[in-house]
Amino acid sequence: MFTSGYEHLGVDAYDPATYLHSQLLDETSFGFRYDRNVLSRLVEVVQGKPLGEEHRVACGIQALAQITEAVVEPNIALYELGSGCSHADAEEQLALFRRIDHTHPQHWADLATGLVDGFDDDQLADWQGQSIKESNYAKTLNHWRASYAACLKIASLELSAMGAEAKMLELIRWMEEEACFLVPGVILANRYLAPNASRNGLFKQLRSADRNKALRGVRNQAWDLTLIYAWMDDLRNIDATGRIVILASLDRGVHAIARWVLMAIEAEDHAASAQLEKMEEEFLTAWGEQRGRRLLDAWQTAQLRRRSHPERKRVLTLAEMREVERAFRSEEHTSELLSPCNLVCRL
């Protein structure tokens, strides 16, 4: 449920006392960055949907956030909703979430522990607080655009007839050419393209005959990476904000990538060699000794070449991405997408 940075300290990230202790002794403040699945489950609870395990877990997360007086940040979840529906839908859900976030935490705790099985309308706070500056939740975020380009590339490689190692080498080549060295994207690719990868929950319905379903799976994967990038920014801004932000998600795949990223960011504070050790561990774990070494060497070489030629290419425009999507929907996607003359190769 959480990626917090406390795991390696042997501290219980699910105990309110952990946060209250830090607040009192270290004057630390906390925040929770919600994944779309957490926000959606809370909204469904308020709407009277039958409660499942994920609903109760989400209620427990909300109770903990309120008890510890943490700031909850749902903006990536709202942008995801706005991109798939509309800005008005996202604004409506934000207004509902503000009421959720000002409802007494005991209600959420009772729902989480099973003491009650539903939410009464009169329990929801009728909050009329200061309005927050509006965002355009239908706009395209830069982090999402880069993540979507990487996910389209990974998906198209998976659908090709190339061998597993060749797919990963092609991804590294593409990242070098596009100056798009997305570490979470590399971790995702390692855990998806490697021969013995579990792939649980990754790129859902990629091989579906309904190519729109396949494309939705790619978009969802891109939003997972976008959430992780936003959380990475939170981690890097701790000194400026004084706030430790917890990533809250019901998706184990998101946490697997996020926890690796957390260790990589912590390694930044020590030495470049520490980061290299983390990348080495990642490649060797996913690919084995021989292939892992070859891919690690390719990754390092690509980074060195890019640093020696610092001019950066742009991320694809939205119009170009729409062309890629149209190709992805086509029946010939398995043969056409990786053709040298095809648009996706420019990805």
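Each value, and the rule that gives it
- Residues numbered from 1 in each chain as written.
- Predicted model: local features only at pLDDT ≥ 70, side-chain atom pairs only at ≥ 80, totals over all residues.
- Heavy atoms only, no water.
- Helix = DSSP H or I, 4+ residues; strand = E, 2+ residues; numbered from the N terminus.
- Polar contact = N/O pair within 3.5 Å; in protein donor to acceptor, adjacent residues only side chain to side chain.
- Contact = heavy atoms within 4.5 Å.
- Buried < 20%, exposed > 50% of the residue type's maximum accessible area, 1.4 Å probe, protein only.
- Pairing = 2+ DSSP bridges.
- Phe/Tyr/Trp six-rings, centres within 6.5 Å; stacked < 30°, edge-to-face > 60°.
- Lys NZ or Arg CZ within 6 Å of the ring centre and 35° of its normal.
- pLDDT = per-residue confidence, 0-100.

1. Here's the deal with the side chain of Gln62
(1) Moving on: Take Gln62: it is sitting in helix H3 (residues 53-67).
(2) Moving on: Only 2.8 Å separates the side chain of Gln62 from the side chain of Gln66, close enough to count as a polar contact.
(3) Moving on: Gln62 has contacts with Tyr34, Leu42, Phe97, Ile100, Asp101 and Trp108, leaving out every residue within four places of it along the chain.

2. Re helix H6 (residues 105-113)
(1) Moving on: Along H6, the residues that are buried comprise Pro105, Trp108, Asp110 and Leu111.
(2) Moving on: Elements in contact with the buried residues of H6: helix H2 (36-46), H3 and helix H5 (87-101).
(3) Moving on: Where H6 terminates, the next one or two residues include Gly114, which has phi positive at roughly 85°.

3. Examining the pairing of strand E2 (residues 29-34)
(1) Moving on: Summarising burial for E2: five of the six residues are buried, a large majority.
(2) Moving on: Here E2 runs beside strand E4 (residues 243-248); their pairing, made up of six bridges, is parallel. Across the sheet, residue Arg33 finds its bridge partner in E4, namely Leu247.
(3) Moving on: The pairing of E2 with strand E3 (residues 71-73) spans three bridges and is parallel. The partner of Gly31 across the bridge, within E3, is Val71.

4. Some thoughts on the packing of aromatic side chains
(1) Moving on: All chains considered together, the criterion is met by six aromatic pairs.
(2) Moving on: Judged by centre distance (4.5 Å) and plane angle (20°), the ring pair of Trp144 and Tyr148 falls under stacked. One end of the pair is Trp144 and the other is Tyr148, both in helix H7 (residues 142-158) and four residues apart, which spans about a single turn.
(3) Moving on: A residue is classified by how much of its surface remains accessible, and Trp144, at 8% relative accessible area, is buried.
(4) Moving on: Residue classification places Tyr148 among the buried residues on the basis of a relative accessible area of 0%.
(5) Moving on: Site record: aromatic cluster; members linked through ring pairs are Trp144, Tyr148 and Trp223.
(6) Moving on: In this arrangement the basic side chain of Arg199 is found over the ring face of Tyr192, its NZ or CZ atom lying 4.5 Å from the centre.

5. Observations regarding the confidence of the model for the protein
(1) Moving on: Of all residues in the protein, 83% have pLDDT values of 70 or greater, and the mean over the chain is 83.
(2) Moving on: Taken element by element, the protein is modelled with least confidence in helix H17 (residues 343-346), mean pLDDT 44, and with most confidence in H2, mean pLDDT 96.

6. With respect to the environment of Thr18
(1) Moving on: Along the chain, the position of Thr18 falls in helix H1 (residues 16-26).
(2) Moving on: For Thr18, a relative accessible area of 12% puts it in the buried group.
(3) Moving on: Once the C-alpha coordinates of Thr18 and Thr68 are considered, the two residues, 50 residues apart in sequence, prove to be 9.3 Å apart.

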